[in-house]
Amino acid sequence: MRHVPKWALFTSGCAPVLLIGGWTMAARLEGPAYNPVTQTISVLAAYGSVGFWWMTGALLALGTCHLLTAWGLRTAALAGRLALGAGGVAALVVTLFPAPSSGGSYRHGSVTAVGFALLTVWPILAAARGGTKPWGLRLVPSVTATACMCAAAVWYLVETQSHGAAGIAERLVTVLQSVWPFVVVASCLLHRVEDSAST
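Since we're looking at a predicted model, the values are computed, not measured.

Basis of the calculations
- Residues numbered from 1 in each chain as written.
- Predicted model: local features only at pLDDT ≥ 70, side-chain atom pairs only at ≥ 80, totals over all residues.
- Heavy atoms only, no water.
- Helix = DSSP H or I, 4+ residues; strand = E, 2+ residues; numbered from the N terminus.
- Contact = heavy atoms within 4.5 Å.
- Axes fitted to C-alpha atoms, helices over the stretch in contact; angles between N-to-C directions.
- Parallel < 35°, antiparallel > 145°, perpendicular 65-115°, else oblique.
- Nonpolar A, V, L, I, M, F, W, Y, C, P; charged D, E, K, R; others polar.
- Core = buried A, V, L, I, M, F, W, Y, C linked by side-chain atoms within 4.5 Å.
- Buried < 20%, exposed > 50% of the residue type's maximum accessible area, 1.4 Å probe, protein only.
- Lys, Arg positive; Asp, Glu negative; His and termini not counted.
- Salt bridge = Lys/Arg side-chain N within 4 Å of Asp/Glu carboxyl O.

Engineer: Could you give me a rundown of the side chain of His66, with the residues and numbers involved?
Structural biologist: Mapped onto the secondary structure, His66 falls in helix H3 (residues 52–72). Contact partners of His66, with chain neighbours within four places excluded, come to Ala15, Leu84, Gly85, Gly88, Leu119, Gln177, Ser178 and Pro181.

In structure tokens form, the structure reads like this:
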């Protein structure tokens, strides 16, 4: 089984920290005019927003982290690595199509939807087949992770349509998607240590 490099723990661990730090700083710059419960992260990265550069920088960093993690996650199935990497590319591309200051944007919405979908299915696609597998690449945890992300995404869609807590729901989806690569990498590195100890 090919080993996952230790630096992948850094790239995967930085992803949620940079994302959460980015939206926290951008929201602070926006002040009371921004409501994190009802307004989405895209509002923070919209043209003309005070926190535009903070949120755009966070999305660029997030995409880069996902790309590097996908490259280093050698133990995972290739389809999952490609989906994770493509989700990272989507995070980079969405910065080229920021949401307008008011109303919607087909291009922004399309890239965001594709990115969400890729980052939701990558755990199942990455599940390793046969042999002794790290916990994060086993089928049951992988399916559970994707199911949780799907449930959070459905909640986000419901809240968006009902003009409810869309901001909270979107943050839940993005946190789950940004944390799971770290869980997988950590389980791969732990599995390697356990294998070394048993030999």
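Structure shown, so let's carry the discussion forward.
Engineer: Give a detailed account of the packing of helix H5 (residues 106–126) against helix H6 (residues 139–161), specifying residues and quantitative values.
Structural biologist: H6 packs onto H5 with a crossing angle of 155 degrees between their chain directions and a minimal axis gap of 6 Å. One element, H5, and the other, H6, form an angle in the roughly antiparallel class. Residues Phe116, Leu119, Thr120, Val121, Pro123 and Ile124 of H5 touch H6, and the partners they reach there are Ser142, Val143, Ala145, Thr146, Met149, Cys150 and Tyr156. Partitioned by chemical class, the residues of the contact of H5 with H6 number 10 nonpolar, three polar and no charged.

Engineer: Which residues make up the nonpolar core, and what are the values?
Structural biologist: Counting residues in each nonpolar core, the largest one holds 19 residues, and the members touching the most others are Val4, Leu73, Trp122, Leu137 and Val184. Those elements giving two or more residues to this core turn out to be helix H4 (78–94), H5, H6 and helix H7 (166–198). At five residues, the largest contribution of residues to this core is made by H7. Setting aside residues up to four positions removed in sequence, Trp122 forms contacts with Leu73, Gly80, Ala83, Leu84, Trp180, Pro181 and Val184. Ala15, Ala26, Ala45 and Val111 belong to the second largest nonpolar core, which has 18 residues in total.

Engineer: Any chance you could break down the side chain of Glu170 for me, citing the residues and the numbers?
Structural biologist: Residue position: Glu170 is located in helix H7. Of the side chains bearing the opposite charge, Arg171 lies closest to the buried Glu170, which forms no salt bridge; the N-O distance is 4.8 Å. Once residues lying within four places of it in the same chain are set aside, the contact partners of Glu170 are Thr40, Ile41, Ser42, Phe116 and Tyr156.

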